[in-house]
Structure formats: C-alpha cells, structure tokens
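Listed below, chain by chain, are the residues.
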Amino acid sequence: MPLNPRWQYPTALLDTTMDQLRTLLAVHEAGTALGAARLLGREQSSVQKQLDTMNRNFGALCGEPLVLKRGRSQNVLFTPTGESLAELARGTLNDWLEQVHGCRRRLGSRLNVGSTRYTLGFLLNAVELVTEDFERRGVELKVEHVRTRDLLDRLGSKELDLVCGSVLTTGDGDSRLDGFEVMEWRRSGLSLVTNLSEDELPGPGLSVRDLPGLPLAVSADGLIPGFLRGWFGARYRQELHIAAEIDTVQYGLELLSSGVLRGCVLVTQGIGEAVADGRLQSGAGLRTLQLADDLGPDLAVLVGVFVRGGERAAWDAAHPLNVLWDALAGENARWRSVMKNPGEAGEGSSGGESGS
C-alpha cells in the first residue's frame, strides 16, 4: 500500500536533528562556527560539519543556502532563508521544551524552584521537610538562584514553577502581580545602613528627602533602583550622590564594614533589622536607620512565595508543587512565631527579604 501523501516528507528534512537546530541557533548567535563551538563546549570541526550538512540539505530544499561564508575572521552571513529557518528552529526547540516541562509538571516528576539570596534559608528549610517524600516518589527537585529583577519573568515564562523572593510593588492593586498567586510573608519599606558616626548622621531615622545629601552605594538594578526611580524619577542618579556602584547588597555592606567607603547603603527593612541585630556578619559594626517615605508614591517590598495563578488549583494536594507550598506556609508560620520571640531567631535569618 503506498504511503499516504501527508506522511511523505523530504529525506533531508527528516534527517535534520534537534541537535543540528541547536547548532544553527548557536552559529546565529555567535556569528561563527568557532564561536558556536565555544558556546556549546564542542569541537569547531563538529559544529562546522553540522552547519555544512544543513547548508547543503536546505540549500537543495529551499533553493538558497542558510549561511554564506565571508572573509577570514568575519562572521558568516545568514541569508533570508537562513534567518527564517533559524527563527523557526528557535520556536521548535522552545515549543518542545515547554511541552516536555508541561508533561513533567502534570506528572509531578520534576519541580524547578528559585530563590533570591536572602530567602534561600526559608526555601531550604522547607525543602528539607519534603526531601524524603520527593525521593521516595522519584520527584526531581532543582533549586537555583534568581535575581529580583528576573523573578516574575522567569516564573511567567515557565522556567521556574515556584520562587521565593521579593518584588517591588505599588500597592494591593499592582497589575504586575496579575496572573500570579502569592503567599505574602512581609510587606515593608527600606532602611539605611551606614558606617557614618552619629555626629555625621544622627539617628534613629531620616526621610527620603534627606537622601540627596548622603554618599550612597547603589546597585544598577533590582529593588533599590526601583524605589529611587519612583522617588526621584528616571534621572535619580543626577539627583543623588552616588559614591559607589555595587552589584549586590552584600558587596555594599562589605564596602562599609571595611571602611573603604564612608557612606550608606539602602536595604530592605528585613536586612536592616538583621544588621542591627548582628545577624549578618557582613554588617558587623554598622548602624541601621529607619527611612521614612515622605515623597511617595506608595512603594513597598513584597516578600513571599510566588507561583503562576491557577496552577496549584489544577493539581491535587499530593502534587509536589502543593506539597512544597504547604511546607513553605509552615515555615512562614514558624518564622512569624519566632519574630514574636526574637531571642529564638536562628543565625542568618534576615526577615525573609532580599535586596539582590
């Protein structure tokens, strides 16, 4: 019986592998076979062989090769056909990956979770409670670091299934949180950590309007710049005295503790409390001042656990996502109990807030 025409595909197309599609994308990004080999951790000859094969096969199928070689040390030139098929390859791989992850989520065989720097302890405490159950059921749990600026995007793109961390919010009606379910741990403002003496900067607090007169260590992204843009506008760097650029709050605290910088670092209230209580080694010898928001708008750090809206309700109580969520809810209740009795707080607790 002859094969139905809808199952008849060109051999060159059927011989194309997903690994070849990945190679095509790597060449598209890096510009050369050598650059793609470095991205993929492979030999240049292997990458070049796959590229030549695709060039030959699709050149015959489409009437135009995918890439054209140029002069020595120059990037290859993607033809219109090459550009079109590279974009198709990206969509194909992403679609397959999304479907694979979807199947794993449905079956509960894998859970991808993330945490910001200062909420990792809470996550790991909850993970410890579920590890035995997950191992018995063959559930693969992957934990990774996530930056505050990427938290909602990585969750929304389904790279992660659950995240512990912080976001900058403008109040209860913040539309950025639409589509997410949030277990709120804490909602607060900012504090100021400094190595300036009380003669230079009297305590116990100050207002946002006082910030332009202080030497500040400020990060380029994350929660803190979000506050500063809200208070002083897009040109906040021209309004403030930026004495140092930092990548993380941790680095800023170490700058102050070492005395290399005489000034201040803006932090979330939870981190400020941890510095004041001596729970952060990097903040040894520093003072914490409360910061009163006298400018507006209504900005706050929302700390908690985030999942995509409706996803927990789609699974039963035994699904790994719901099991971990319940463990985190218990950890949250434990932390609130500890905060009522501060003397019981464990070392390294920072009130569940992240500034990274």
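Cut-offs and rules
- Residues numbered from 1 in each chain as written.
- Predicted model: local features only at pLDDT ≥ 70, side-chain atom pairs only at ≥ 80, totals over all residues.
- Heavy atoms only, no water.
- Pairing = 2+ DSSP bridges.
- Helix = DSSP H or I, 4+ residues; strand = E, 2+ residues; numbered from the N terminus.
- Axes fitted to C-alpha atoms, helices over the stretch in contact; angles between N-to-C directions.
- Contact = heavy atoms within 4.5 Å.
- Phe/Tyr/Trp six-rings, centres within 6.5 Å; stacked < 30°, edge-to-face > 60°.
- Buried < 20%, exposed > 50% of the residue type's maximum accessible area, 1.4 Å probe, protein only.
- Lys NZ or Arg CZ within 6 Å of the ring centre and 35° of its normal.
- Core = buried A, V, L, I, M, F, W, Y, C linked by side-chain atoms within 4.5 Å.

1. Re the sheet that holds strand 7 (residues 190-194)
Inference 1: The mixed open sheet is built from 6 strands, whose spatial order is 8-12-7-11-9-10. With one partner strand each, in any of the chains shown, strand 8 (205-207) and strand 10 (241-246) form the two edges of the open sheet. Ignoring which end each strand starts from, the neighbouring axes of this sheet average 40° apart.
Inference 2: Bridge count between strand 7 and strand 11 (residues 264-268): 5 bridges; the pairing is antiparallel. Within strand 11, the residue paired with Ser191 across the bridge is Val267.
Inference 3: Against the sheet, helix 11 (residues 269-276) engages strand 7, strand 11 and strand 12 (287-292), with an angle of about 115° to strand 11.

2. A few points about the packing of aromatic side chains
Inference 1: Tallying each qualifying case throughout the model produces 2 aromatic pairs.
Inference 2: Considering the side-chain rings of Phe122 and Trp185, the 5.1 Å spacing of their centres and the 40° angle between planes classify their relative orientation as tilted. Here Phe122, found in helix 6 (residues 120-137), pairs with Trp185, found in strand 6 (residues 180-188); they are 63 residues apart in sequence, far enough to count as distant.
Inference 3: For Phe122, a relative accessible area of 7% gives the class buried.
Inference 4: Ring geometry for Phe227 versus Trp231: centroids 5.3 Å apart, planes at 55°, classification tilted. Of this pair, Phe227 and Trp231 are both found in helix 8 (residues 223-232), 4 residues apart, which corresponds to roughly one turn of the helix.
Inference 5: For Trp231, a relative accessible area of 10% corresponds to the buried category.
Inference 6: The ring of Tyr118 carries the charged tip of Arg117 above its face, separated from the ring centre by 4.7 Å.

3. Quick word on the nonpolar core
Most often, soluble globular proteins keep nonpolar side chains buried together rather than apart.
Inference 1: In terms of nonpolar packing, the biggest core is built from 48 residues, with Leu162, Leu192, Leu211, Leu228, Trp231, Leu324 and Leu328 touching the most fellow members.
Inference 2: The leading source of residues in this core is helix 13 (residues 320-340), at 7 residues.
Inference 3: Aside from chain neighbours lying at most four places away, what touches Leu211 is Leu192, Leu216, Leu228, Trp231, Phe232, Leu240, Leu266 and Leu291.
Inference 4: Counting residues in each nonpolar core, the second largest holds 20 residues, with Leu21, Ala37, Ala86 and Ala89 among its members.

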